[in-house]
Amino acid sequence: MTAPVLTVRDLRVDFTVDKRTVPVLRGLSYTLEKGRILAVVGESGSGKTVHALSLLRLLPPCADIAGGEIVFNGQDLLSLSPSALRDVRGNKISMIFQDPSSSLNPVLTIGEQLEETLRAHRKISREEARRQAAHLLTSVGIADAEKRLNEYPFQFSGGMCQRVMIAMALALSPDVLIADEPTTALDVTIQAQILGLMKALQQAAGTAVIFITHNLALAAQIADDVLVLYAGLCMEKAPAKELFSRPLHPYTQGLLNSLASLSQTCEELPAIAGNPPVPGENLPGCPFAPRCNKAFDKCRACLPPLFEKNGRQVRCWLEEPK
């Protein structure tokens, strides 16, 4: 097995709200190997985006990394100086944000933004940056690249803007690409095109990808491994094929059961009862216990650890080794 390109150990993130400390990530750990795609899934509010922003220390001022390690190629990112971290961002670890229309500068042309990304980390001329920018647009399926470099974001559709963001994220051939809900607000046809594009580019470059989504159907299409996040905790982690064929945690089972299929009617579609806990809510046991129809007294009293089971991880007392 190759050495992981990224290792997250016991990552804890707190927010300060009205002078009160609210834990949002409560000890997240995983490894990511070169060329693998890890999908991080869960309902809104589970901590997916906070985790992604933590990796590059892009958290808002009210947030604080309370503990843990983020080790990238043997180096702890939490120990880096601001200048050293800037060399990592965009260059070695890139991120595609949720909303491409707000991530692109509306008063700069697409070419200016791509060229700025290239020249910030590479000692190349403007002419060479221009040539590489055109090549990047072509590589993500944008025709007539030389012309489109002179256009502004408002002249691009949502799907085209997302392609530009992918081009920008891959411009410097990063070791790790973080894609945070990259297909949000796109129709299903464009979603499929974006997923296919990301998969093809990832396979060609050997880039490791963290794919963040609340849509398990998308995760099933693209991921090698899946991490299920709930209330800031990993509930289950497994190879994608195993997780989707035989989910172990009741939360994962509930998420998969709630997916619509052509054989179901709206009346038959089950849903997970209740709502996710509010960040900071005092739940001494498993945070999913109030919504779980399999919960018993121990679930409500004690938080289960992550149990190892046949190369998988699951946080559930029902899976405790006998």
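Placed above this text is the structure.
Before going into details, it helps to say that this report is about the structure given with it. (Residues numbered from 1 in each chain as written. Predicted model: local features only at pLDDT ≥ 70, side-chain atom pairs only at ≥ 80, totals over all residues. Heavy atoms only, no water.)

## Some details on helix H11 (residues 250-257)
Here is step 1: The element H11 is extensively covered by neighbouring structure, given that 7 of its 8 residues are classed as buried.
Here is step 2: Those residues of H11 that sit buried are Pro 250, Tyr 251, Thr 252, Gln 253, Gly 254, Leu 255 and Leu 256.
Here is step 3: Among the structural elements, helix H9 (216-222), strand E9 (225-230), strand E10 (233-239) and helix H10 (240-245) are those in contact with the buried residues of H11. (Buried < 20%, exposed > 50% of the residue type's maximum accessible area, 1.4 Å probe, protein only. Helix = DSSP H or I, 4+ residues; strand = E, 2+ residues; numbered from the N terminus. Contact = heavy atoms within 4.5 Å.)

## Describing the sheet that holds strand E12 (residues 312-314)
Here is step 1: One open sheet accounts for 8 strands, arranged E6-E7-E8-E3-E9-E10-E12-E11; its pairing is mixed. The open sheet has two edge strands, strand E6 (93-96) and strand E11 (307-309), and neither has a second partner. On average, each strand axis in the sheet is inclined to that of its neighbour by 20 degrees, with strand direction left out of account.
Here is step 2: In the sheet, E9 pairs with E10 via 6 bridges, with the strands oriented antiparallel. Pairing of Leu 229 across the sheet is with Cys 234, part of E10.
Here is step 3: The sheet strands contacting helix H8 (residues 188-205) are strand E3 (37-41), strand E7 (176-180) and strand E8 (208-213), and the helix crosses E8 at an angle near 160 degrees.
Here is step 4: Sheet strands in contact with H11 are E9 and E10, and its direction is about 105 degrees off that of E9. (Pairing = 2+ DSSP bridges. Axes fitted to C-alpha atoms, helices over the stretch in contact; angles between N-to-C directions.)

## What about the pairing of E10?
Here is step 1: Burial within E10 is extensive, with 6 of its 7 residues counted as buried.
Here is step 2: Counting the residues between successive antiparallel strands, the hairpin from E9 to E10 contains 2 residues, one of them, Ala 231, with a positive phi of roughly 55 degrees.
Here is step 3: Of the pairings in the sheet, the one linking E10 to E12 comprises 2 bridges and is antiparallel in character. Bridge pairing in E12 places Lys 237 opposite Gln 313.

## What about the nonpolar core?
Here is step 1: Judged by nonpolar contacts, the single largest core of 37 residues is most densely connected at Leu 114, Leu 137, Val 164, Ile 166, Met 198 and Phe 211.
Here is step 2: Broken down by element, the residue count for this core peaks at 8 residues, all from helix H7 (residues 158-170).
Here is step 3: Look past the residues within four positions of Leu 114 in its chain and what remains in contact with it is Ala 133, Leu 136, Leu 137, Leu 149, Ala 167 and Met 168.
Here is step 4: Counting residues in hydrophobic clusters, the runner-up holds 36 residues, among them Val 50, Ile 70, Ala 208 and Cys 234. (Core = buried A, V, L, I, M, F, W, Y, C linked by side-chain atoms within 4.5 Å.)

## Considerations on the state of the cysteines
Here is step 1: In the structure shown here, the tally under the stated rule is 0 disulfides.
Here is step 2: As a non-bridged cysteine, Cys 286 has Cys 299 as the owner of its nearest cysteine sulfur, 6.4 Å distant.
Here is step 3: A residue is classified by how much of its surface remains accessible, and Cys 286, at 10% relative accessible area, is buried. (Disulfide = S-S within 2.5 Å.)

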